[in-house]
Amino acid sequence: MEGWDPNTKSTLTQIPLLGTKAGPRDGAAWTQRLKEEYKALIAYTQMNKSNDNDWFRISAANPEGTRWTGKCWYVHNLLKYEFDLQFDIPVTYPSTAPELELPELDGKTQKMYRGGKICLTVHFKPLWAKNCPRFGIAHALCLGLAPWLAAEVPILVDSGMIKHKDDATTSSES
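Criteria and thresholds
- Residues numbered from 1 in each chain as written.
- Predicted model: local features only at pLDDT ≥ 70, side-chain atom pairs only at ≥ 80, totals over all residues.
- Heavy atoms only, no water.
- UniProt positions renumbered as here; feature names shortened; annotations may be inferred.
- Helix = DSSP H or I, 4+ residues; strand = E, 2+ residues; numbered from the N terminus.
- Phe/Tyr/Trp six-rings, centres within 6.5 Å; stacked < 30°, edge-to-face > 60°.
- Buried < 20%, exposed > 50% of the residue type's maximum accessible area, 1.4 Å probe, protein only.
- Lys NZ or Arg CZ within 6 Å of the ring centre and 35° of its normal.
- 1 Å grid on protein atoms, 1.4 Å probe; cavity = no way out; pocket = protein on both sides within 12 Å on 5 of 7 lines; lining within 4 Å.
- Points joined across faces, edges and corners; volume = space filled by probe spheres on them.
- Nonpolar A, V, L, I, M, F, W, Y, C, P; charged D, E, K, R; others polar.

The name an unreviewed UniProt entry gives the protein chain is Ubiquitin-fold modifier-conjugating enzyme 1, with Stylosanthes scabra as the organism. Listed in UniProt under the heading Sequence similarities (unreviewed entry), the comment for the protein chain reads: "Belongs to the ubiquitin-conjugating enzyme family. UFC1 subfamily."

Draft legend 1. Quick peek at unusual backbone geometry. With an omega of 5°, the peptide bond between tyrosine 93 and proline 94 qualifies as cis. For the bond from cysteine 132 to proline 133, the omega torsion is 5°, close enough to zero to count as cis. Among the secondary structure elements, proline 133 is positioned in the loop between helix H3 (124-130) and helix H4 (137-158). Even without being glycine, asparagine 77 reaches a positive phi, approximately 50°.

Draft legend 2. Representation of the packing of aromatic side chains. Following the criterion strictly, the structure yields 9 aromatic pairs and no others. Relative to phenylalanine 56, the ring of tryptophan 55 lies with its centre 4.9 Å away and its plane at 70°, an arrangement referred to as edge-to-face. Across the pair, phenylalanine 56 and tryptophan 55 agree in class, each one buried. The structure contains a cluster of three or more aromatic residues connected by ring pairs, namely Trp30, Tyr93, Phe124, Trp128 and Phe135. Taking the ring centre of tryptophan 73 as reference, the NZ or CZ of lysine 80 above it sits at 4.5 Å.

Draft legend 3. Examining the layout of surface pockets more closely. What the largest pocket holds in volume is close to 480 Å³. Lining of the largest pocket is provided by 19 residues; of these, Asn7, Thr8, Thr11, Cys142 and Ala146 occupy positions nearest its centre. Mapped by element, the contributors of at least two residues to the lining of the largest pocket are helix H1 (6-14), helix H2 (28-50), strand E2 (67-76) and H4. Sorting elements by how many residues they give to the lining of the largest pocket places H4 first, with 5 residues. By residue class, the composition of the lining of the largest pocket is 12 nonpolar, 6 polar and 1 charged. Quantified by volume, the second largest pocket comes out at close to 330 Å³. If you trace the second largest pocket, you find 14 residues lining it, with Cys119, Leu120, His123, Phe124 and Pro147 closest to the centre. Where the lining of the second largest pocket is concerned, the elements lending two or more residues are H3 and H4. At 6 residues, H4 tops the list of elements feeding residues into the lining of the second largest pocket. Taken together, the residues of the lining of the second largest pocket break down into 9 nonpolar, 3 polar and 2 charged.

Structure representation (structure tokens):
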């Protein structure tokens, strides 16, 4: 955590680390891992709300906990930009981090792969590998998606690649 800003370091230390190394094919061990994932997500969400920094909602989209969907948002110039968020838990999880997807931004930035998967290879994946299996979904959101949104949304807005929903409604009414 050397070189990290104090806010990121503080946030990360408050997200519980996970202890079970299990993936979707591991039966009861996966169920235990999911419980740990939920605990970490709840802690992270509560911390964000208490710091007035609420920026995502996700939930498992299937009973197995292998598909997740939700919303994430970023405030830029006092306007809230909201995006669909989805990802699948890889079969090799937790050795492999989930690929976070923002489908409506597909093709709008070079820091994204086909299908709206955000680019996390250079900065996040080595960190994930170093901290496997202690990192989970909450850590991927905190150290992967949050910095990506902070870096990319202002550029996408300023370049006109994305418009605020109120701007889009006004221009279509004209």
